[in-house]
Amino acid sequence: MGIQTILLPDVGEGIAEAELTEWQVKVGDVIKEDDVLAVVMTDKAAIEVPSSQDGKVTWLAGEVGDTIAIGAPLVKMDVQGAGDEAVVETKPETLAEPPKAALPVIEKPQAGPSVRKRAKESGVDLQDMTGTGPSGRITHEDMDMFLRKVPDQPAKTEDIKQIKVIGMRRKIAEKMALSKSRIPHITIVEEVDMTELENLRGQLNEKHKKVRPKLTVLPFIMRAIVEAVRTQPEMNAHFDDDANIISQHGGVHIGIATQTPAGLSVPVVKDVQKLNLWDSANNMSHLAELARTGKATRDELTGSTITITSLGALGAIASTPIINYPEVAIVGVNKMAMRPIWDGQQFQPRKMMNISCSFDHRVIDGYDAAVFVQALKNLLETPALLFIEG
């Protein structure tokens, strides 16, 4: 019989530590080889750590939310054979039970029912007060004097739930704080007439409904971004503000902000410039499902060069998207609605949608940002242009 120590394995990518986000076992559990011991998170990828052999868990390294170094002990367990530590049998010392101290006698303060009620409502302890009434009885005047000396007390509540920020939620918080603290955002909101594009989307879905999945508006927006960055490659870039280097990317790798049970995740559709509408839709749907089920890999969650964020039908008239650091631009998609639009002679019902685009104002000037937004608007309002390579 011996003790075996399971170390946190090297998960690659040169990572030196990982955050413990979930224990799958507890002390006393009997486990089998390959049973999952814990789940750790690096950047945005969750990784399961399996057991290397059978045994009984005797020790766990820390609590959920702790950061553990690669190669550090994660779990210890009793195993058959020598293990990697010798087991020393010890008997606990029998300690004589200490004599019980006599409890102090606490005198109950003398006060009338109305004074006691007032003290309870005010959140004060009558033990802290000195009574000036007969036999030391506490009066309302004593209460007035005491309350004048005590600062206002906050209202008491018992409905406070404290939640430790760990795992995906902590990663999101850190990245959002990093983006807002380091990037001076400029946001431009523009309305787009989506009527023609929606007509085209409906025709394509009807024509191919038996052989192809239904297209949403997002693949068209992805296509518009590809076309827009042909003439403005500075939008498809990263800014390393420590080294003061802007890296413009040849491939358009679009991050799709996706809501998951664990929080916001951004799976990445790579090389969108090489994909048609249905390829973009299929890749986006597949990656979003992996993200929602926690199965997306590190590679599938990193490497974006520009991001789209959308709340779909829940979206508002406008939004102010936060840039996905270290990118320099993000495209926000707002709710689409039928609105009356004046055509010069009369009001016409048109399907309108606002886009909210944010830019890193350190490297993107307001004029260039406006040109980019107008390019997106023109491409979406004239969808035939999406299929003409410039």
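Just above sits the structure.
Residues numbered from 1 in each chain as written. Predicted model: local features only at pLDDT ≥ 70, side-chain atom pairs only at ≥ 80, totals over all residues. Heavy atoms only, no water.

Visitor: Which parts of the structure should I look at to understand the sheet that holds strand 16 (residues 306-310)?
Guide: Strand-to-strand pairing in sheets goes through backbone hydrogen bonds, with the strands running parallel or antiparallel. Strand order in the open sheet made by the six strands is 9-18-17-16-12-15, with mixed pairing throughout. Taken across any chain shown, the strands that pair with only one partner, and hence form the sheet edges, are strand 9 (185-193) and strand 15 (268-269). Of the pairings in the sheet, the one linking strand 16 to strand 17 (residues 329-342) comprises four bridges and is parallel in character. Paired with Ser310 across the bridge in strand 17 is Val333. Across the sheet, helix 5 (residues 218-231) lies against strand 12 (254-256), strand 15, strand 16, strand 17 and strand 18 (347-360), angled at about 150° from strand 16, the strand it touches most. The strands touched by helix 7 (residues 366-381) within the sheet are strand 9, strand 16, strand 17 and strand 18, with strand 9 carrying the most contacts at an inclination of about 25°. (Pairing = 2+ DSSP bridges. Helix = DSSP H or I, 4+ residues; strand = E, 2+ residues; numbered from the N terminus. Contact = heavy atoms within 4.5 Å. Axes fitted to C-alpha atoms, helices over the stretch in contact; angles between N-to-C directions.)

Visitor: I'm lost on the packing of aromatic side chains in this one. Help?
Guide: Two aromatic rings are characterised by how far apart their centres lie and by the angle between their planes. Taken as a whole, this structure holds two aromatic pairs when the rule is applied. Here Phe359 and Phe372 contribute two aromatic rings whose centre-to-centre distance is 6.0 Å and whose plane-to-plane angle is 90°, an arrangement assigned as edge-to-face. You can see Phe359 sitting in strand 18 and its partner Phe372 sitting in helix 7, a full 13 residues away along the chain. Over the face of the ring belonging to Trp59 we find Lys76, whose NZ or CZ atom lies 5.4 Å from the ring centre. The residue whose ring lies beneath Arg212 is Trp278, and the NZ or CZ to ring-centre distance is 4.1 Å. (Phe/Tyr/Trp six-rings, centres within 6.5 Å; stacked < 30°, edge-to-face > 60°. Lys NZ or Arg CZ within 6 Å of the ring centre and 35° of its normal.)

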